[in-house]
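Notes for the structure review
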Amino acid sequence: MNMNLLVKNIGTIVGIDESGRSRVAGKAMGEIATLENAWLLTDGTRIKDYGTMESLPGVEGYALIDAKGGWLFPSFCDSHTHIVYAGSREQEFLDKINGLSYEEIAKRGGGILNSADRLHDTPEEELYRQAMERIEEIVAMGTGLVEIKSGYGLTLEDELKILRVIRRIKETAPLEVRATFLGAHAVGRAYKGRQAEYVEHVCNDMIPAVAAERLADFVDVFCDRGFFTPEETAKIIETGARYGLRAKIHANELAVSGGVEVGVAHSALSVDHLESMGDEQIEALHGSDTMPTMLPGCAFFLGITYPPARKMIDAGLAVALASDFNPGTAPSGNMRFVTSLASIKMKMTPAEALNAATLNSACAMGESKDFGSITRGKMANFYITKPLPSLAFMPYAHQTPIIERVILKGKEYFSAKKTK
């Protein structure tokens, strides 16, 4: 039986939204509703009600948390990660320090193919153990909904292995999980020099097998210079659509690749990365349901140009933020740091960054009906901080440990006091 939970003495509830909207765009991204000196009640799994302390209901029969003036935020929604991988790639980190580019490392057999080799040699149980360590890490940092991609298999057997691990995470992790099939992350070693044949393999063998086991919610393609062309991308996502998999596309990380346009043309849920964006790509996104998603942790780690967030928001677009948590280009799932980078490097206001990392990122997974804001009836996914001087303190003091409690699906999962 679910126990109702009452949180009282909340300094400020942040991210209230009873509008029913699935996303927030343009100037509205700079607005975020709050309620001071508040309480919040769950029905065991979902948000039931909230109000000011003057209207506090009787506490008898409820599990009780005293926020002691701390702030309450909706959990981060991280719509782009690669959490299931084997080991790490710090040797490539040293290569980057020594001046090699991402593309040069890939040409030397590093990058995605390096991770694929390691994953092939790692048992499924060990992959699950490593991934769950990362899950626990991101939950403690405030994430309550996460998308996880395959893509470090690049063979039918290994892609299915990753997706089965993701399915197990879905079944056992405290947060909500969505799975993406990314067989077209790179060309598998067995198909070196035969990219067209590999695309056929993805379409004719991998996607049907993934669909037969119902292992994925989405299909993704790395549409970029040196990887897959827009035409190949279209073929793969059209095949995925026939099997009920909606597209989410890696686009425009390394070059203006055509990925944005092919994503919009095929009603992709999101186009992600966007470090290389021109006016034409921004215009292509106007009027579409495709969510442009930026991964500033990748730009930070690689030392490349950040996406033009300010220009996109000022043009009236909605934008989302995600971590890109992966071993090669963004080895962190800290969404709070992602919002800090958004403010520091892309000049997004704290309110814009928070909207992008919650409601809009939930929308990039098709999940904003149940996640991404403090809304009556939505999932009770939120975290409670220490008392804060203002919303701007969140991205400003990005390494100060301020999260005191994490609540997922109405249940307390993490308490800083219990870990001391």
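Quick caveat, the model's predicted, so the values are computed rather than measured.

A few words now on the overall build of the protein chain. Counting secondary structure elements, the protein chain contains 16 helices and 16 strands. Radius of gyration (C-alpha) of the protein chain: 21 Å, near the 22 Å computed for a compact globule of 420 residues. For the protein chain, the spread of C-alpha atoms along the principal axes amounts to about 70 × 45 × 45 Å. When the 420 residues of the protein chain are sorted by exposure, 60% land in the buried category.

Here we take up the sheet that holds strand β9 (residues 218-223). The strand order across the open sheet built from eight strands is β6-β7-β8-β9-β10-β11-β12-β13, with neighbouring strands paired in parallel fashion. Strands with a single pairing partner mark the edges of an open sheet, and in this sheet they are β6 (76-78) and β13 (320-321). Relative to β13, strand β12 (residues 291-294) runs parallel, the two being bridged by two bridges. Considered in β13, the bridge of M294 is made with L321.

Attention now goes to the packing of helix α12 (residues 335-346) against helix α13 (residues 350-357). For the pair α12 and α13, interaxial distance at closest approach is 9 Å and the crossing angle is 135°. With respect to α13, the element α12 is oriented oblique. In this structure, α12 meets α13 at a crossing whose hand is right-handed. Residue-level inspection shows M335, T339, A342 and S343 of α12 in contact with α13, the latter providing P350, A353 and A357.

Looking now at the side chain of N334. With respect to the helices and strands, N334 occurs in the loop between β13 and α12. A relative accessible area of 13% means that N334 is categorised as buried. Among the polar contacts listed, one links the side chain of N334 to the backbone nitrogen of R336, at a separation of 3.1 Å.

This paragraph deals with the nonpolar core. With 109 residues, the main nonpolar core has I135, I169, L321 and M348 as its most contacted residues. Apart from residues lying up to four places away in sequence, M348 is in contact with M29, M294, A309, R310, I313, V319, L321, A342, S343, A353 and A356. If you look at the next biggest cluster of nonpolar residues, it comprises 17 residues, including I10, A67, I374 and F382.

Attention now moves to α13. Among the eight residues that make up α13, seven are buried, leaving the element largely enclosed by the rest of the structure. Residues A351, E352, A353, L354, N355, A356 and A357 constitute the buried set of α13.

This paragraph deals with the environment of K107. Tracing the backbone shows K107 in helix α2 (residues 102-107). Here the alpha-carbon distance between K107 and T81, two residues 26 residues apart in the chain, equals 23 Å.

What counts and what doesn't
Residues numbered from 1 in each chain as written. Predicted model: local features only at pLDDT ≥ 70, side-chain atom pairs only at ≥ 80, totals over all residues. Heavy atoms only, no water. Helix = DSSP H or I, 4+ residues; strand = E, 2+ residues; numbered from the N terminus. Rg over C-alpha atoms; globule rule 2.2 N^0.38 Å. Buried < 20%, exposed > 50% of the residue type's maximum accessible area, 1.4 Å probe, protein only. Pairing = 2+ DSSP bridges. Axes fitted to C-alpha atoms, helices over the stretch in contact; angles between N-to-C directions. Parallel < 35°, antiparallel > 145°, perpendicular 65-115°, else oblique. Left-handed = near helix turned anticlockwise from the far one by under 90°. Contact = heavy atoms within 4.5 Å. Polar contact = N/O pair within 3.5 Å; in protein donor to acceptor, adjacent residues only side chain to side chain. Core = buried A, V, L, I, M, F, W, Y, C linked by side-chain atoms within 4.5 Å.

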